[in-house]
Number of protein chains: 2
Amino acid sequence: MVFLSLEKMFDPKSIAVIGASDHQDSVGQALMKNLVGNGFSGSIYPINPNRKNVSGIHSYRSIAQVPEKIDLAIIATPSFTVPRIARQCVKAGVKSIIVISSGFSETGKKGAALEKELARAIEGTGVRLLGPNCLGYIRPDKKINASFAIRNALPGKLALISQSGALCSGILDWAQKEKVGFKYFISIGGMLDIGFGDLIDFLENDTDVESIVLYMESLKNAEKFLDAAKKFSKKKPIIVAKSGRFEESAKAAISHTGAMAGNDEVFDAAFRRAGIVRVEEIQDLLGCSEAFSKQPIPKGDKILVITNAGGPGVMTTDAIIKSGCRLASLSGETISRLNRALPKNWSHNNPVDILGDASPERYAKALEICLNEKNADCVIAILTPQAISKPAEVAKKLVEEAKESEKTILSSWIGEAFVEEGKEILQANNIPCFETPEEAVRVFSYMNQYRKNIGNAYEAHCELPPLHRHNKEKISLKLKEILRQGRTVLTEIESKEILKAYGIPVNETMLAKNPESAVFKANSIGFPVAMKIVSNEITHKTDAKGIALNLSSEKEVEMAFDVIIKNAEKFNPKAKITGVSIQKMIESSGLELIIGAKTDITFGKVLLFGLGGTATEIFGDKSLELIPLTKNAPCEIPKRTKIYSLLKGYRHKFKADLAELAGILEGFSHIMNDFKEEIEEADINPLLISNGKLFAVDARIILKKAK
Amino acid sequence: MVFLSLEKMFDPKSIAVIGASDHQDSVGQALMKNLVGNGFSGSIYPINPNRKNVSGIHSYRSIAQVPEKIDLAIIATPSFTVPRIARQCVKAGVKSIIVISSGFSETGKKGAALEKELARAIEGTGVRLLGPNCLGYIRPDKKINASFAIRNALPGKLALISQSGALCSGILDWAQKEKVGFKYFISIGGMLDIGFGDLIDFLENDTDVESIVLYMESLKNAEKFLDAAKKFSKKKPIIVAKSGRFEESAKAAISHTGAMAGNDEVFDAAFRRAGIVRVEEIQDLLGCSEAFSKQPIPKGDKILVITNAGGPGVMTTDAIIKSGCRLASLSGETISRLNRALPKNWSHNNPVDILGDASPERYAKALEICLNEKNADCVIAILTPQAISKPAEVAKKLVEEAKESEKTILSSWIGEAFVEEGKEILQANNIPCFETPEEAVRVFSYMNQYRKNIGNAYEAHCELPPLHRHNKEKISLKLKEILRQGRTVLTEIESKEILKAYGIPVNETMLAKNPESAVFKANSIGFPVAMKIVSNEITHKTDAKGIALNLSSEKEVEMAFDVIIKNAEKFNPKAKITGVSIQKMIESSGLELIIGAKTDITFGKVLLFGLGGTATEIFGDKSLELIPLTKNAPCEIPKRTKIYSLLKGYRHKFKADLAELAGILEGFSHIMNDFKEEIEEADINPLLISNGKLFAVDARIILKKAK
């Protein structure tokens, strides 16, 4: 397929609107209304076989009859006509298409078939397509409003891409009020051709774009998206709200966009990998849109709060600590300057409470001093309406003082009508003003997260032990053989062999088919030993009472063998029992770790590390990462878990060799990557710590079913 | 002290304003402006020695000269004059006083002295005092605005009590816009006399009041507060936002209100005990104020979402699942009715997506059907502005349909100017309309929490084993003796004796002073044993390497004794070593529990139960409860921890005798309560599970220093 750039889509000289209409409340009318008379410098051609003109412009029967080559065709006709019209467009030399119409894969089987037909229409032609089922896009600088949105967008430096058209309308309405401007405002729709990755790639070449905001429900080309996002976010922020976190909501998203989404936690890992900041709620998406487009990225996480009200100061402090950011400590100089400028009852600390009777002049003086505090990276200015407070005056002062500052400045004027004018002054002058100080803090913490993301990308890589990937070919043959036998689940011993080949320490493990062999092998391994049932039909060995631990004599081993076999036979009379594994008993610190990998439908192989054992699900202390790992990932993964503080050596007991752990994570991910076609999922459970060293004590590898 | 009711304060027939003024921007002027011409049916007397009249009303030189008995005097003069004026008020027979003036304990030592003087002025007189350092109060139904707030309050059924005056102004401004009305709007200030408890007590007798909203930073009379709140919240909801969650913010609160606050987590326990719903942010406080005053408490947690936009539907579902509430499942009848009423591409599920081209009529039809869904307790209606959506029309339809419904109905019209009129229609008609659907869900989840709180109060009590509180007198003497010796830390053996006396199972523990005695005692207890250092100077035995576990022979015991003594001597050469404790080694399941109790400065003795051992601080899995416990608390406490699912018998390994655990919690809390004067703090750490039975394996009791 030939991929032309998206230039013709977003900077067209000629636009055809197929389905243009003068019919009240029709999409075709809305499109024309938005396009015409907006100042667009190119030509607009309405296409409607039933009319001579639309919106006062001569109308053509079909795209073929338009006298000029069309850069962009917007199709807003019933879905069943769209594939045919798309073919006509291709034939007529149209460079790019927006399909506004809905009625494709989001509506079920029939729609999906129609969507496939539409895909075939443009396949191999180089024509790019936005949609279907989208609102179109707006590009204010070129005066293009190629959408049927109810509001226009103000010009600015933000690029927004939304998978929900309905949300776009709400955002535009909001942006108008908060004075947030856009370079591009794009409704991405069904992503038949153009996806998030394409758009981010395109936006990266536009130096005007200072940040990208995404509303996402699902993702189609994960690799492309990650590559594009990584490149962009190294220089400028990408913020995403991804909905469909839970099974129930993902279900709602499917019925609504027709797209399947993978496990939401994997999205978290992917966003992290790409340096993207993920926000939780629509309010935060709006807040970040405003703050990232109006204020500089902070240089650190230290916030100075200035307020005319004690209570809101306390609440802001709560929010700051909760967010993981810090209260800036006031320097001696700042304190003495504030002492001179403020009445003696000021708070003498951060939050700087300048008291309820503060005049705009007092507020301005305090602001000037606070904005010069070298310990602070951000100033949050709070105002509550009190008898004397004059919210608009203070807003003007803040705007003035802010001009000289390189700090991130956010504000919250608490109230409604009384503070309205002040809010408007702030918003019109690039100082985001939030309903509550808590929201200001939350938005700042996202800005701070982006700052840390950039930092992370340049962090030194940790040293890893050399790898042992020699037996790749041999393992490959072994896996083929297992599949040939009709098996997909490897035994513990088979699994451990593969781990060992990739440098992962396992406890010595042998198979015994009878009690005598068990005793013999126990002696060769050395007491105490553990014994476990080996059977393809029994994967949950504990449930089958198929495990015996801490056996320290020949007698015990002999007895255990019989008990395990009997228990297994009872548990599943149909199970074919291979034997019992005999392995070195690891004297563990008591902490069980788990390493696992699964296949996500969006992002492919994903690694999991965390607290294992019985408590795994209860505490959910885990860290996910896409496979293959980046160079520093093996060291970073454990740091994101709570148990890391134990592994580092908190109270010594659970201290682990962290370099060895990193090596294990790397080795494991290499297994998953080297055999990504063969292995569906795998885990080491538990991975135990014994005197600081790590041992894979049980392991399981499950293959994909052969096709 | 004689406590008159607060009737004269809140329903005065005559009001004097001391410090009344016509001076521009003065508090005295603001007070008069708010009081006069507001329709108050009693008399208002300005007091100002320098003026003949204020606000056109004859002014008196002092309170003594007013011809009528004054029910309420409002003082707004400089702080140093306030105690003197208060004394004059008492003398003149004034029944209640509001001190607006600041400059008391919130400003440091001098102010605190002034506050004491003010307290003495009213002490024993029966005169009640609101403030100092407050905004006053507003009571719209009686047309009393006894405050210097910048806005008046609308009449309604909500009572608001705020410890931050500045916040009050913001809330009033907001309430005006959102059409939220108040029966009482009270700025509580420094709580010299009237505290939260007094006010809640008073409000309980006003049947008009349908809910109470509190903004709290600290609490002075915890017992009174809890009693009053418990009584009120059994019938009607109390919602609280308490700030100062963290050390940093509590510090900010001190400098601002002059009051110390206890541990924030203990407030959580106290609020729970009193059936109070705690919200986290100011936005939620506002949202709850609106919803609780306009909508009924839901009958369950199942939400039905109706929306004209898929994306916001997905986000709402995310928020619902995250909140712990549930999506209502649509009944067959509802689905077939919706099938008939909606275009065939509707979502066929909850969220009910009626699609972007929905007309007000379609919205109304769907609403009618959804409001009749018997599986739903709440309907959240969402609208985004789309070409055809007519937000105001849909709002009118919703208002109409809602009239017939007993469900909780919330809404979110997403956007600004385009949806403004619709929002206003909803708000004026008692349907709360939020900026985002996530906020609607959050508010609903608080309503649902209140519903559950009521339910909890009537839950059946669990059966507890009989208690063993016989040795109370003996223990009391023993504690006195220990204090007499100049000790405050009990040894492990002493501590365990007390536990045992209260029915708490401990592992048998004896003291050995030499190796021979250790061996003898180990034999009498039975092998294997554990040994621990006993020394008043060594409380962290692990750090001193003063513990040896799993000793299974005389030889091992003998050696361990020497090693422990040597380690202890090395760890702290000055420590006086009493000996070594010998105790039965408990074969534990591997899960360590902890039970502890501390003394909170606000609420007194507080019990803690949770995950113990090394991981305690890392996972923070704990549950706090005030002492004495309520009857069902011993069973409820463990349920609030994550490890409860283990204790219940998840995968069997960690199953514990829950009735025994409840008994231990009860016994422990009885110890703390019976000796609350003597004991400062105590803990059982660890409490181990062995074959389902529980054992206090180590224990520590610390006494208050004798005065």
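Just so we're clear, the structure is a prediction, and the values are computed from it rather than from any experiment. (Residues numbered from 1 in each chain as written. Chains lettered and ligands numbered in written order. Predicted model: local features only at pLDDT ≥ 70, side-chain atom pairs only at ≥ 80, totals over all residues.)

1. Quick look at the interface of chain B and chain A
One widely used convention gives an interface's size as the accessible area the parts lose upon coming together. Each side of the interface is counted separately: chain B has 80 residues, and chain A has 79 residues. Mapped by element, the contributors of at least two residues to the side of chain B that touches chain A are α2 (27–35), α5 (165–178), α8 (247–257), α10 (282–294), α11 (310–323), α15 (417–428), α21 (616–619) and α23 (644–647) of chain B. Within the side of chain B that touches chain A, the residues separate by chemical class into 33 nonpolar, 31 polar and 16 charged. (Contact = placed C-beta atoms within 7 Å. Helix = DSSP H or I, 4+ residues; strand = E, 2+ residues; numbered from the N terminus. Nonpolar A, V, L, I, M, F, W, Y, C, P; charged D, E, K, R; others polar.)

2. Some thoughts on the relation of the copies chain B and chain A
Superposition record for chain B on chain A: RMSD 0.1 Å, screw rotation 180°, translation along axis 0.0 Å. Such values leave the two copies arranged in the relation of a two-fold axis. Residue by residue, 99% of the interface of chain B is reproduced at the interface of chain A, so both copies engage with the same surface. (Least-squares fit on C-alpha atoms with pLDDT ≥ 70 in both.)

3. Quick word on the packing of helix α6 (residues 196–204) of chain A against helix α7 (residues 222–235) of chain A
Residue and element names in this part refer to chain A. Running from N to C, α6 and α7 cross one another at 25°; their axes reach a closest spacing of 8 Å. Between α6 and α7, the angle falls in the class roughly parallel. Note on packing geometry: the crossing formed by α6 with α7 is left-handed. Each of F196, G197, I200, D201, L203 and E204 in α6 lies in contact with α7, whose residues at this interface are K224, F225, D227, A228, A229, K231 and F232. Tallied by class, the residues present in the contact of α6 with α7 amount to seven nonpolar, one polar and five charged. (Axes fitted to C-alpha atoms, helices over the stretch in contact; angles between N-to-C directions. Parallel < 35°, antiparallel > 145°, perpendicular 65-115°, else oblique. Left-handed = near helix turned anticlockwise from the far one by under 90°.)

4. Considerations on the sheet that holds strand β2 (residues 43–47) of chain A
Residue and element names in this part refer to chain A. Across the sheet, five strands lie side by side as β2-β1-β5-β6-β7; this open sheet has parallel pairing. Because the sheet does not close on itself, it has two edges, and the strands there are β2 and β7 (128–130). Averaged over all pairs of adjacent strands, the angle between their axes in this sheet comes to 20°, without regard to strand direction. With five bridges joining them, strand β1 (residues 14–18) and β2 adopt parallel strand pairing. Counted as the bridge partner of I18 is I47 from β2. Most of the contacts of helix α2 (residues 27–35) go to β1, to which it runs at about 160°, and overall it touches β1, β2 and β5 (72–75). (Pairing = 2+ DSSP bridges.)

5. Here's the deal with the sheet that holds strand β22 (residues 547–551) of chain A
Residues and elements named next belong to chain A. Strand order in the open sheet made by the four strands is β20-β23-β21-β22, with antiparallel pairing throughout. Strand pairing shows two members of the sheet lacking a second neighbour, β20 (509–512) and β22, which therefore form its edges. Neighbouring strand axes in the sheet, compared pairwise and without regard to direction, differ in orientation by 25° on average. Note that β20 and strand β23 (residues 577–584) share four bridges and pair antiparallel. Within the sheet, the bridge partner assigned to L511 lies in β23 and is S581.

6. What to know about the environment of V314 of chain B
Residue position: V314 of chain B is located in helix α11. Along the backbone, V314 of chain B and V563 of chain B are 249 residues apart, and their C-alpha atoms lie at a distance of 64 Å.

7. Topic: unusual backbone geometry
All names here are of chain A. Here the bond from G131 into P132 is cis, since omega is 0°, no more than 30 degrees from zero. In this structure, P132 sits in the loop between β7 and β8 (136–139). The peptide bond linking N350 to P351 adopts the cis configuration, its omega dihedral lying at 0°. Backbone geometry at K179 places phi at a positive 60°, although glycine is not the residue there. Structurally, the position occupied by K179 is in the loop between α5 (165–178) and β11 (181–187).

8. What about the domain arrangement of chain A?
All names here are of chain A. Assigned domains within chain A: domain 1 (1–137), domain 2 (149–294), domain 3 (297–457), domain 4 (459–507 + 587–707) and domain 5 (508–585). On a C-alpha basis, the centres of domain 1 and domain 2 stand 23 Å from each other. Residue-level contacts link 20 residues of domain 1 with 18 residues of domain 2. Mapped onto the side of domain 1 that touches domain 2, the elements with two or more residues apiece are α4 (109–122), β7 and β8. Considering every element that reaches the side of domain 1 that touches domain 2, the biggest residue donor is α4, with four residues. Here the side of domain 1 that touches domain 2 is composed, by residue class, of 12 nonpolar, five polar and three charged. (Domains from an automatic or database assignment.)

9. Focus on the environment of G324 of chain A
Residue and element names in this part refer to chain A. Summarising the element assignment, G324 is placed in the loop between α11 (310–323) and β16 (326–327). The class for G324 is exposed, based on 10 C-beta atoms found within 10 Å. Between the C-alpha atom of G324 and that of P132, which follows or precedes it by 192 residues, the distance is 41 Å. (Buried ≥ 20, exposed ≤ 12 C-beta atoms within 10 Å, placed from the backbone.)

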